[in-house]
Amino acid sequence: MLLHVPQTKRMTINDCKLITLPQITDPRGNLTFIEENQTIPFEIQRVYYLYDVPGGSNRAGHAHKALQQVLIAISGSFDVHVDDGHEKKTFHLNRPYIGLYSAPMIWREIDNFSSGSVCLALASQHYDESDYYRDYQDFLNTLRDPQ
């Protein structure tokens, strides 16, 4: 299912959606595939993954100005906390065929990593430090006064 996310409105946590990716089951092992602009709502510009995260650690702790992202628990499980400055919601990811779409201007934090977990991230843009809000108060100030 392709999600269409208009970029002209203010994003909320309601724009963060679970995406069920295609799953081909086979007695020899299951297969899931990802296609840009088909199973996810953007063109993939960057792929990275988090692994060997020490127990009790958290990752992310930032928001993006324009980047869209899908996070997938390829192995194990973890929690993704999303925050639009007004509401917060937590998603527990633990299936390799379920992705979490995260819209721009949503603060996200990832924690509660199980042992051996792997978080795959599909991003709509190449790495660009200027696209990040790394300070939560700066993020909130921008939401209140977008200029």
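What counts as what
- Residues numbered from 1 in each chain as written.
- Predicted model: local features only at pLDDT ≥ 70, side-chain atom pairs only at ≥ 80, totals over all residues.
- Heavy atoms only, no water.
- 1 Å grid on protein atoms, 1.4 Å probe; cavity = no way out; pocket = protein on both sides within 12 Å on 5 of 7 lines; lining within 4 Å.
- Points joined across faces, edges and corners; volume = space filled by probe spheres on them.
- Nonpolar A, V, L, I, M, F, W, Y, C, P; charged D, E, K, R; others polar.
- Phe/Tyr/Trp six-rings, centres within 6.5 Å; stacked < 30°, edge-to-face > 60°.
- Helix = DSSP H or I, 4+ residues; strand = E, 2+ residues; numbered from the N terminus.
- Buried < 20%, exposed > 50% of the residue type's maximum accessible area, 1.4 Å probe, protein only.
- Lys NZ or Arg CZ within 6 Å of the ring centre and 35° of its normal.

A. Inspection of the layout of surface pockets at higher detail. Considered as a void within the structure, the second largest pocket measures approximately 180 Å³ in volume. If you trace the second largest pocket, you find 13 residues lining it, with Y48, L50, R59, A60 and H62 closest to the centre. Here the residues of the lining of the second largest pocket are counted per class, giving 8 nonpolar, 2 polar and 3 charged.

B. Here's a closer look at the packing of aromatic side chains. Inspection of every chain in the model, using the stated rule, returns 8 aromatic pairs. An angle of 45° between the planes, with centres 5.6 Å apart, marks the rings of W107 and F139 as tilted. A residue pair is termed long-range when its members are at least 10 positions apart, and W107 in strand β10 (residues 107-111) and F139 in helix α1 (residues 136-144) qualify at 32 residues. Classification of W107 as buried rests on a relative accessible area of 5%. Where Y136 meets F139, the ring centres are 6.1 Å apart and the plane angle is 35°; that geometry is what we call tilted. Placement of the pair is Y136 and F139 together in helix α1, with a separation of 3 residues, close to one helical turn. Between R134 and the ring centre of Y132, over which it is positioned, the NZ or CZ distance is 4.0 Å.

C. Representation of unusual backbone geometry in the model. Even without glycine at this site, D52 takes up a positive phi of about 50°. Its relative accessible area of 67% is what places D52 among the exposed residues. With a phi close to 60°, M105 is a non-glycine residue in the positive phi region. Looking at the element boundaries, M105 is found in the loop between β9 (98-102) and β10.

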